[in-house]
Amino acid sequence: GAVVSQHPSWVICKSGTSVKIECRSLDFQATTMFWYRQFPKQSLMLMATSNEGSKATYEQGVEKDKFLINHASLTLSTLTVTSAHPEDSSFYICSASEMGRNQPQHFGDGTRLSIL
Amino acid sequence: AQSVAQPEDQVNVAEGNPLTVKCTYSVSGNPYLFWYVQYPNRGLQFLLKYITGDNLVKGSYGFEAEFNKSQTSFHLKKPSALVSDSALYFCAVRASSGNTPLVFGKGTRLSVIA
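Residues numbered from 1 in each chain as written. Chains lettered and ligands numbered in written order. Predicted model: local features only at pLDDT ≥ 70, side-chain atom pairs only at ≥ 80, totals over all residues. Heavy atoms only, no water.

As a further point, take the sheet that holds strand E8 (residues 76-81) of chain A. Residue and element names in this part refer to chain A. On the basis of which strands lie adjacent, the open sheet formed by four strands has the order E1-E3-E8-E7 and antiparallel pairing. Each having just a single partner strand, strand E1 (4-7) and strand E7 (67-73) make up the two edges of the open sheet. Strand-to-strand, the axes of this sheet are offset by a mean angle of 15 degrees, without reference to chain direction. Note that E7 and E8 share five bridges and pair antiparallel. Residue pairing for E8: serine 73 is matched across the bridge by leucine 76. (Pairing = 2+ DSSP bridges. Helix = DSSP H or I, 4+ residues; strand = E, 2+ residues; numbered from the N terminus. Axes fitted to C-alpha atoms, helices over the stretch in contact; angles between N-to-C directions.)

Quick look at the structure:
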């Protein structure tokens, strides 16, 4: 089945550091990938839609300059949390779906980001 | 705009008993409905989907869900629960067949007790 790989799985870093998270579709091509944020014991909040070869579409309230998204190929999207602060600590999850109608989204295993 | 409601934060069931995790939805037009499961510190795993056709959908690990248009519900069921089914379950909907993002419910934590 379709596999989405997300790396790294866990990051601990100092405040002010920029952190890059990679999301790869391993056995399929994805023109669109999605980035979610999940707070403890809460649902997934859509942050942005990543489109291959074009600018990402951000949800209301998500800072574009804070969360930089690049989707340079059909199998890779990256999320960079710039100048991270403790309030950016969270669980970030990416997803992608195979091309075609009615395909389910497949999720990466998530990245737990802890900013000290 | 579409939305999903999972009315129960927690469901407890004894091993071997049937389980139901409830989900209702609101969407304009035909709904595309999904169930996912999340284990601790992991992403979401796809269980099943309803697009069209039979109202009873069978999915992974013995789970099934019943689409009820009149009640706008899509409850997840399993005839006999396992301890390993204990996890967080999310219902999701999208309003089109295109590659648009899913809207998730808040999740229901299932605990299966031996």
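The next thing to look at is the layout of surface pockets. The volume enclosed by the largest pocket comes to roughly 290 Å³. Contributing to the lining of the largest pocket are 16 residues, with A:Gln38, A:Arg112, B:Gln38, B:Asn41 and B:Arg109 lying nearest its centre. Those elements that provide at least two residues to the lining of the largest pocket are strand E9 (90-96) of chain A together with strand E10 (87-94) of chain B. Grouping the constituent residues of the lining of the largest pocket by class yields seven nonpolar, six polar and three charged. In this model, the second largest pocket occupies a volume close to 180 Å³. Looking at the second largest pocket, it is lined by 13 residues, and the ones nearest its centre are A:Ala2, A:Val3, A:Val4, A:His106 and A:Phe107. For the lining of the second largest pocket, the elements supplying multiple residues, two or more each, are strand E10 (106-107) of chain A together with strand E6 (44-50) of chain B. Tallied by class, residues from the lining of the second largest pocket come to six nonpolar, six polar and one charged. (1 Å grid on protein atoms, 1.4 Å probe; cavity = no way out; pocket = protein on both sides within 12 Å on 5 of 7 lines; lining within 4 Å. Points joined across faces, edges and corners; volume = space filled by probe spheres on them. Nonpolar A, V, L, I, M, F, W, Y, C, P; charged D, E, K, R; others polar.)

Using the criterion set out here, one finds seven salt bridges over all chains in the structure. With a closest N to O distance of 3.4 Å, A:Arg24 and A:Glu22 form a salt bridge. Between B:Asp85 and B:Lys78 there is a salt bridge; the shortest N-O distance is 2.8 Å. (Salt bridge = Lys/Arg side-chain N within 4 Å of Asp/Glu carboxyl O.)

Taken together, the side chains of A:Trp10, A:Ile12 and A:Leu116 present a nonpolar region at the surface, about 380 Å² in accessible area. Of note, A:Leu116 is situated in the segment after strand E11 (111-115). (Patch = residues over 30% accessible without salt bridge, like charges linked within 9 Å, V, L, I, M, F, W, Y side chains within 5 Å. Areas by Shrake-Rupley, 256 points an atom, 1.4 Å probe, with all protein chains shown as cover.)

This part is about the state of the cysteines. Residue and element names in this part refer to chain A. Tallied over the full model, the rule gives two disulfides over all chains. Bridging cysteine 23 to cysteine 94, the disulfide has an S-S length of 2.0 Å. The sign of the S-S torsion, about 85 degrees, decides the handedness of the disulfide formed by cysteine 23 and cysteine 94: right-handed. One end of the pair, cysteine 23, is in strand E3 (residues 19-25); the other, cysteine 94, is in strand E9, and 71 residues separate them in sequence. (Disulfide = S-S within 2.5 Å.)

Right, let's get into unusual backbone geometry. With an omega of 0 degrees, the peptide bond between A:His7 and A:Pro8 qualifies as cis. Positive phi, close to 45 degrees, is recorded for A:Ser83, a residue that is not glycine. Looking at the element boundaries, A:Ser83 is found in the loop between E8 and E9. Accessibility expressed as a relative area gives 33% for A:Ser83, which makes it partly exposed. Not every positive phi belongs to a glycine, and B:Thr72 is a case in point at roughly 45 degrees. For B:Thr72, the location among the structural elements is in the loop between strand E8 (64-68) and strand E9 (73-78). (Buried < 20%, exposed > 50% of the residue type's maximum accessible area, 1.4 Å probe, protein only.)

On to the interface of chain B and chain A. Each partner contributes to the interface: chain B provides 22 residues, whereas chain A provides 23 residues. Between A:Asp109 and B:Arg42 there is a salt bridge; the shortest N-O distance is 3.2 Å. If you list the elements that add at least two residues to the side of chain B that touches chain A, you get strand E5 (32-38), E6 and E10 of chain B. By residue class, the composition of the side of chain B that touches chain A is 11 nonpolar, seven polar and four charged. (Contact = heavy atoms within 4.5 Å.)

Everything listed here is a matter of geometry and, on its own, says nothing about what the molecule does.
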